[in-house]
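The primary structure of each chain is shown beneath.
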Amino acid sequence: MIANGLGGAAFAINPALTFFYPIGGAVFGGPVFLLLLAKVHKRGALVITGVVFCILGLVTGMHWGMDFGALIALVIADFIAASGKYGDMKRNILAYMIYCIGPAGTYFVFYIDPQGWAKTMLKNGTTQDYIDTMSKAANASTLVIMVLGTFAVAALSGFIGSRLMKKQFEKSGVTA
């Protein structure tokens, strides 16, 4: 969660690039996510992280769509990882990809109801200038790039994480 936030933060602060937050968020988290699954083989661990994410999101003034999307994505990711008993690397990478698209829920709400989204964000403290710049950057290709880019970067980060699992964590006994 923190690794994803660090990766996406540079995009989130810029209203013209904010739609690419999920892509940036997918960069660093793959190894951490896979290590979590390797260490905690219990159903619900991902849901608990989702609840923590939602609480932090609400406290910091994020749109409810981000929190709702993250929670739904983590429930689905937990089912996917559990279906492989948390040991099937392909399912774990797929679970990571689903997890990474979750925070995009706020942008899906933006595309469905831009005025409602803006009203909520203004109440949460976002400036009108930020919303106006963001609205100008929004188009159909931005949405497609956000979704496909997030899945691609998450898959790559998950792949790198799987290599680190084999090369570093398993050999050193971290996941044993």
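Above this note sits the structure.
Remember, predicted model here, so these are calculated numbers, not experimental data.

Caption draft 1: Focus on the overall build of the chain. A tally of regular secondary structure across the chain gives 9 helices and 0 strands. Ordered by position from the N terminus, the helices and strands of the chain form the series α-α-α-α-α-α-α-α-α. Whereas a compact globule of 176 residues would reach a radius of gyration of roughly 16 Å, the chain reaches 16 Å, a difference of no more than 12%. Viewed in the frame of its principal axes, the chain has a C-alpha envelope of about 50 × 25 × 25 Å. Across the 176 residues in the chain, those meeting the buried criterion constitute 46%. Sequence-distant contacts, at least 24 apart, represent 74% of the contacts inside the chain between residues at least 6 apart. With the model as given, the accessible surface of the chain reaches about 9100 Å², and the carbon-plus-sulfur share is 72%. Charge-centre separation for the chain: the mean point of 13 positive side chains lies 14 Å from the mean point of 7 negative side chains.

Caption draft 2: Structural view of helix α2 (residues 21–39). Its 19 residues give α2 an end-to-end C-alpha distance of 28 Å, which sits within 8% of 27 Å, the value for a rise of 1.5 Å per residue. A maximum bend of about 55 degrees is found in α2 at G29, where proline P31 lies one to four positions downstream.

Caption draft 3: Seen up close, a nonpolar patch on the surface. A cluster of nonpolar side chains, namely L58, W64, F68, I72 and I76, defines an oily patch on the protein surface of about 520 Å² accessible area. Sort the elements by how many residues they give to the nonpolar patch and helix α4 (residues 64–83) lands first, with 4 residues. Looking at the element boundaries, F68 is found in helix α4.

Caption draft 4: Structural view of the pattern of salt bridges. What the rule picks out here adds up to 1 salt bridge. Notably, a salt bridge pairs R91 with D88, separated by 3.2 Å at the nearest N-O pair. On the basis of relative accessibility, which here comes to 34%, the residue R91 falls in the partly exposed class.

Caption draft 5: Up close: the state of the cysteines. Scanning the model with the defined rule gives 0 disulfides in all. Lacking any disulfide linkage, C54 is separated from the closest cysteine sulfur, that of C100, by 15 Å. Residue class for C100 comes out buried when judged on its relative accessible area of 3%.

Analysis parameters
Residue numbers restart at each chain and count upward from 1, following the sequence in its written direction. Per-residue local features of the predicted model are confined to residues with pLDDT of at least 70, and side-chain atom pairs are confined, for both listing and counting, to 80 or more; whole-chain, interface and lining totals are unaffected and use all residues. Computation of side-chain values: all heavy atoms of the structure, hydrogens and water removed. Helical segments are the DSSP runs of H or I of at least four residues, strand segments are the runs of E of at least two, and each set is numbered from the N terminus. Each radius of gyration reported is based on C-alpha atoms, and the globular scaling rule is 2.2 Å times the count of residues to the power 0.38. Note on exposure labels: buried denotes an accessible area under 20% of the residue type's maximum, exposed denotes more than 50%, and partly exposed covers the range between, all computed with a 1.4 Å probe on protein chains only. In this description, contact between two residues means that some pair of their heavy atoms is separated by no more than 4.5 Å. Accessibility throughout is a Shrake-Rupley quantity obtained with a 1.4 Å probe, and a residue counts as covered only by protein chains that appear here. Positive charges come from Lys and Arg, negative ones from Asp and Glu, while His and the chain ends are left out of the count. Charged groups are reduced to one reference atom each: NZ for lysine, CZ for arginine, CG for aspartic acid, CD for glutamic acid. One less than the residue count of a helix, multiplied by 1.5 Å, gives the span that helix is expected to have. Axes are fitted to the seven residues ending at a residue and to the seven starting at it; the angle between these axes is taken as the bend at that residue. Grouping into patches uses exposed residues only, defined as over 30% relative accessible area, and leaves out salt-bridged ones; the cut-off is 9 Å for like charges and 5 Å for nonpolar side chains (Val, Leu, Ile, Met, Phe, Trp, Tyr). By salt bridge we mean one thing: a side-chain nitrogen of Lys or Arg within 4 Å of a carboxyl oxygen of Asp or Glu. Disulfides are defined as cysteine sulfur pairs within 2.5 Å.

In short, geometric facts, not functional conclusions.
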